[in-house]
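# Observations on chain architecture
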Amino acid sequence: MTVVACLGGGQLGRMLALAGIPLGLQFRFLDPSAEACAGEVGALLVGSFDDEELLDRLADGAAVVTYEFENVSVAAAQRVGAVPGSRALEEGQDRLREKELFKRLGIPTARFGSLEETGLPAIVKSRRLGYDGKGQRVARSAEPLAEDELAEELVSFARELSLIAVRGRDGEVAFYPLAENVHRDGILQVSRAPAAAGADDVAQGYGRRLLEELDYVGVLALELFEVDGELLANEFAPRVHNSGHWTIDGAVTSQFENHLRAILGWPLGSTAVVAPSAMVNLVGSIPAIEQLLALSGAHVHLYGKEPRPGRKVGHVTFVGASEETVAEAVRLATS
Ligand code: AMP
């Protein structure tokens, strides 16, 4: 049996397993929580990502170790020889380093640095451990920044887009079409793909530079702002991504399967779209299953997590569905 081990046992790990089990794979996860929802689809080791003995048990006999959480320590990723490598973690865990990497690679970003450099208003983010808009505030007047804070020009974007890219061990690269993302309270609410009139070629050029610079293997997500018809990179995630969940139902090969194919050195699968798709996140609460299933064409994915405010507990995908149906799903998800 081929075992894939994973640092983190949340819904991303769970969906990796749901994609990999039909390919004959078995899964093993390490997570600090005994309730980690990937535990339903694989073996779960419970403990700290910094527990060396547990890390060794996680990696023992596994064909490959990956991660589904980008804030695992570089030391932990190195100890288990994780794929993608620790370089992507190092570059991505510090927003300043990440922005400087974009700059070096000629990938445009909003202005960043001190408030003098960005101008006002600016968005102030903590350099480390920020996600889903956490640890962010808007500065409208000059104020001191803490040591670990970074200011960014507050751009008024027309829309937010993301590119899901995958690179195999042999350097083969593939891209899903750009997704258009709508956030609510800093949390992704809806992704639609392919994005209408998205500058896919430009985004793919940026994605390719990043993958090659990091000598990356696996799936990577690049989050972009579209401002006056131009793309600005916001951040990248060295893992499968919420804005790529539509690929489970709406693409020939899902992002989860392609991540596994990549890290195992297997041929990548087609990233072609079956039909235009929309994904609606379920955040904080789960509507009655009957109501979700009554939506025409709904593909329901629940993560087996206890609902709590702001927590992602599932998503629903529609392939080739009408905007009315998607709007109805959003209404159900937010009522
Ligand atoms: P982040 O944590 O960087 O992914 O930011 C979370 C959300 O805040 C983004 O999805 C945007 O909606 C918004 N945001 C982040 N950075 C900026 C910026 N420089 N200008 C305007 N909005 C931003």
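Description of the structure in this document. (Residues numbered from 1 in each chain as written. Predicted model: local features only at pLDDT ≥ 70, side-chain atom pairs only at ≥ 80, totals over all residues. Heavy atoms only, no water.)

### Considerations on unusual backbone geometry
Here Val-83 and Pro-84 are connected by a cis peptide whose omega angle stands at 0 degrees. Checked against the element boundaries, Pro-84 lands in the loop between helix H3 (74-79) and helix H4 (86-93). The omega angle of the peptide bond from Ala-193 to Pro-194 is -5 degrees, so this bond is cis rather than trans. Checked against the element boundaries, Pro-194 lands in the loop between strand S12 (187-193) and helix H7 (200-213). Look at Asp-215: it is not a glycine, yet its phi comes out positive at around 45 degrees. With respect to the helices and strands, the residue Asp-215 is situated in the loop between H7 and strand S13 (218-227). Positive phi, normally seen in glycine, also occurs at Asp-228, with a value near 50 degrees. The residue Asp-228 is located in the loop between S13 and strand S14 (230-237) in this model. (Helix = DSSP H or I, 4+ residues; strand = E, 2+ residues; numbered from the N terminus.)

### Regarding the site of the ligand
Surveying the vicinity of the ligand reveals 16 residues, the closest of which are Lys-125, Gln-136, Glu-153, Glu-160 and Glu-235. Val-155 is positioned such that a nitrogen or oxygen atom in its backbone is 3.0 Å from a nitrogen atom of the ligand. Interatomic distance of 2.6 Å between a side-chain N/O atom of Glu-160 and an oxygen atom of the ligand. Where the shell around the ligand is concerned, the elements lending two or more residues are strand S6 (122-126), strand S8 (149-153), S13 and S14. Partitioning the shell around the ligand into residue classes produces five nonpolar, four polar and seven charged. (Near = heavy atom within 4 Å. Polar contact = N/O pair within 3.5 Å; in protein donor to acceptor, adjacent residues only side chain to side chain. Nonpolar A, V, L, I, M, F, W, Y, C, P; charged D, E, K, R; others polar.)

### Concerning the pairing of strand S1 (residues 2-7)
Sheet faces and side chains relate simply in a regular strand, where the side chains alternate between the two faces. Burial runs high along S1: five of the six residues are buried. Taken together, the six bridges between S1 and strand S2 (residues 25-31) define a ladder with parallel strand orientation. What sits directly across from Cys-6, in S2, is Phe-29. Here four bridges tie S1 to strand S4 (residues 64-67), and the two strands are oriented parallel to one another. (Buried < 20%, exposed > 50% of the residue type's maximum accessible area, 1.4 Å probe, protein only. Pairing = 2+ DSSP bridges.)

Just distances and angles here, no functional claims.
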